[in-house]
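Residue-level structural notes
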Amino acid sequence: MLVVKNLQVFYGLIQAVKGISFEVKEGQIISLIGSNGAGKTSTLNALINAVKRKGEVIFLGYETKRHLTHSLVKKGISLVPEGRRVFINLSVEENLKIGAFNNDENYEHLKKQMYKLFPRLENKKNVLAGNLSGGEAQMLAISRALMSEPKLLMLDEPSLGLAPKIVGELFETIVRLKNEGITILLVEQNAYSALKISDYAYVLENGQIVLQNEAKHLINDDEVRKKYLGL
Ligand SMILES: Nc1ncnc2c1ncn2[C@@H]1O[C@H](COP(=O)(O)OP(=O)(O)OP(=O)(O)O)[C@@H](O)[C@H]1O
Ligand SMILES: [Mg+2]
């Protein structure tokens, strides 16, 4: 679904992503794990041309270089940004409406799907997004991204700042989305939770991929357990 070759991101003289290559296969959950400043967010933003990049990004066979972010959303890539940036002055329902900007005709149907996926959002449909709990805001951020009916859903640290119980529910939901046919690219510092649900994973350090393997191998690797999982 997605092939990335020699991706590089610079901020002035600082190089945040140093020529990484990876693949996201259709129907899988792929994780990029790594600590603060590893270049995870820069990578996701580069994939949707929200920051300038060098290298190749091929989505469904097409180089995405010439596409603006909103046209990539139309083509089927959707990002749930770091820090779940929902529109705090708009209601839950208004946030969903914005997520469906390219998909007006399916809005009512999709909204019902989202309320089925996250029943708590339906109870709060007229509440301002700024008044939601952290977990509810994350549910809304994911729902908003799903309103464009993506083929590839990218999530930037969805578990950040959430209680362990909510994190568990959230990761179960991600698996459910995969089972419904959505391909997932997951970025996480919470490496253990991410590996548990992933098919394949890449470890990012200092803008470079230092390790990659099937998630079930990484989770059983002594070095990975010590260095990245704190086990
Ligand atoms: N807009 C920016 N201008 C300058 N430097 C930046 C900018 N955004 C990120 N960086 C730098 O690029 C590097 C990678 O940052 P990035 O946010 O991609 O990391 P990350 O892996 O997402 O980290 P975190 O886990 O803290 O979210 C860091 O050294 C960061 O300071
Ligand atoms: Mg980040």
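Going by the structure above, here's the rest.
Residues numbered from 1 in each chain as written. Chains lettered and ligands numbered in written order. Predicted model: local features only at pLDDT ≥ 70, side-chain atom pairs only at ≥ 80, totals over all residues. Heavy atoms only, no water.

Some remarks on the overall build of the protein chain
Just so we agree on the cut-off: To qualify as a helix, a DSSP run of H or I must reach at least 4 residues; to qualify as a strand, a run of E must reach at least 2; elements of each kind are numbered from the N terminus. Radius of gyration: over C-alpha atoms. The globule rule applied is 2.2 Å multiplied by the number of residues raised to the 0.38 power. Any pair of residues with heavy atoms lying within 4.5 Å of one another is described as a contacting pair.
Of the regular secondary structure elements, the protein chain holds ten helices and ten strands. What you see for the protein chain is a C-alpha radius of gyration of 17 Å, in line with the 17 Å of a compact globule of 231 residues. Along the longest, intermediate and shortest principal axes, the C-alpha atoms of the protein chain span 45 × 40 × 30 Å. Intrachain contacts of the protein chain at a sequence separation of at least 6 include 65% that bridge at least 24 residues.

So, the site of ligand 1
Under the convention used in this document: Near is defined per residue: the residue qualifies when any heavy atom it owns lies within 4 Å of the molecule or strand. Polar contact is the term for a pair of N or O atoms within 3.5 Å; when the atoms are in protein, one must be able to donate a hydrogen and the other to accept it, and sequence-neighboring residues count only if both atoms are side-chain atoms. Here the accessible surface of atoms and residues is derived via Shrake-Rupley with a 1.4 Å probe, and residues count as covered only by protein chains that are part of the display. When residues are grouped by polarity, Ala, Val, Leu, Ile, Met, Phe, Trp, Tyr, Cys and Pro land in nonpolar, Asp, Glu, Lys and Arg in charged, and all others, Gly among them, in polar.
Around ligand 1 sit 13 residues in total, of which Asn-36, Lys-40, Thr-41, Ser-42 and Glu-82 are the nearest. Separating an oxygen atom of ligand 1 from a backbone N or O atom of Gly-39 is a distance of 2.9 Å. One nitrogen or oxygen atom from the side chain of Glu-82 is found 2.6 Å from an oxygen atom belonging to ligand 1. When isolated, ligand 1 has an accessible area of 640 Å², and the protein chains bury 61% of it. Sort the elements by how many residues they give to the shell around ligand 1 and helix 1 (residues 40–47) lands first, with three residues. Along the lines of polarity and charge, the residues of the shell around ligand 1 split into three nonpolar, seven polar and three charged.

Regarding the coordination of the magnesium ion (ligand 2)
Octahedral six-donor coordination of a metal ideally yields angles of 90 or 180 degrees, compared with 109.5 degrees for tetrahedral four-donor coordination. Under the convention used in this document: Excluding water, the donors of a metal are its N, O and S neighbours within 2.8 Å, or within 3.2 Å for Na, K and Ca, and that exclusion means sites may look incomplete. Only protein chains enter the accessibility calculation, which uses a 1.4 Å probe. A residue is then buried if its area is under 20% of the maximum for its type, exposed if over 50%, and partly exposed in between.
Protein-derived ligands of the magnesium ion (ligand 2) are Thr-41 (OG1), Glu-82 (OE) and Glu-82 (OE), with the metal-ligand distances lying across 1.9 to 2.8 Å. In this pair, Thr-41 is assigned in helix 1 and Glu-82 in the loop between strand 6 (77–80) and helix 3 (92–99), connecting sequence segments 41 residues apart. The class for Thr-41 is partly exposed, based on a relative accessible area of 22%. On the basis of relative accessibility, which here comes to 29%, the residue Glu-82 falls in the partly exposed class.

Considerations on the pairing of strand 8 (residues 183–188)
Applicable threshold: Strand pairing is defined by DSSP finding a minimum of two bridges between the two strands.
The element strand 8 is largely enclosed, with a buried count of six among its six residues. Going residue by residue along strand 8, you find Thr-183, Leu-185 and Val-187 tucked away on one face and Ile-184, Leu-186 and Glu-188 tucked away on the opposite face as well. Looking at chain direction, strand 3 (residues 29–33) and strand 8 are connected through five bridges and run parallel. Within strand 8, the residue paired with Ile-30 across the bridge is Leu-185. The pairing of strand 7 (residues 152–156) with strand 8 spans five bridges and is parallel.

Section: helix 1
Within helix 1, six of the eight residues are buried, leaving the element largely enclosed by the surrounding structure. Among the residues of helix 1, Lys-40, Ser-42, Thr-43, Leu-44, Ala-46 and Leu-47 are the ones counted as buried. Where helix 1 terminates, the next one or two residues include Asn-49, which has phi positive at roughly 55°.

Section: the sheet that holds strand 7
Going by this rule: Note on method: axes are straight lines fitted to C-alpha atoms, helices fitted across the in-contact stretch only, with angles between N-to-C directions ranging 0 to 180 degrees.
Within the open sheet, the six strands sit side by side as 6-7-8-3-9-10. Their pairing is mixed. Bordering the open sheet on either side are strand 6 and strand 10 (208–214), each of which pairs with just one other strand. With strand direction ignored, the average angle separating the axes of adjacent strands in the sheet is 15°. Sitting on the sheet, helix 6 (residues 134–146) touches strand 6 and strand 7, and the angle it makes with strand 6 is about 170°. Contacts from helix 7 (residues 164–179) reach strand 3, strand 7 and strand 8 within the one sheet, and its direction differs from that of strand 8 by about 155°.

Overview of the nonpolar core
To be explicit about the condition: Buried Ala, Val, Leu, Ile, Met, Phe, Trp, Tyr and Cys residues that are joined via side-chain atoms within 4.5 Å together make up what is termed a nonpolar core.
By size, the foremost hydrophobic cluster in this structure holds 47 residues, and its most contacted members are Leu-153 and Ile-184. Residue contributions to this core peak at seven residues, all from helix 6. Here Leu-153 is in contact with Ser-78, Val-80, Ala-145, Leu-146, Leu-177, Ile-182, Thr-183, Ile-184 and Leu-185, once residues within four sequence places are set aside.

What about the pattern of salt bridges?
As a reminder, the rule being used: Salt bridges, as used here, are contacts in which a Lys or Arg side-chain nitrogen is within 4 Å of a carboxyl oxygen on Asp or Glu.
As enumerated under the stated definition, the model contains eleven salt bridges in all. The partner of Glu-157 in a salt bridge is Lys-40, and the shortest N-O contact between them spans 3.7 Å. Residue Glu-157 is located in the loop between strand 7 and helix 7, and its partner Lys-40 is located in helix 1; the two are separated by 117 residues in the primary sequence. For the pair shown, Glu-157 and Lys-40 are each scored as buried. A salt bridge links Glu-136 to Arg-120; the nearest nitrogen and oxygen atoms lie 3.6 Å apart. Taken together, the residues span a long stretch of sequence, with Glu-136 in helix 6 and Arg-120 in helix 5 (residues 119–123) at a distance of 16 residues. Because the salt bridges share partners, they merge into one network encompassing Glu-93, Glu-108 and Lys-111.

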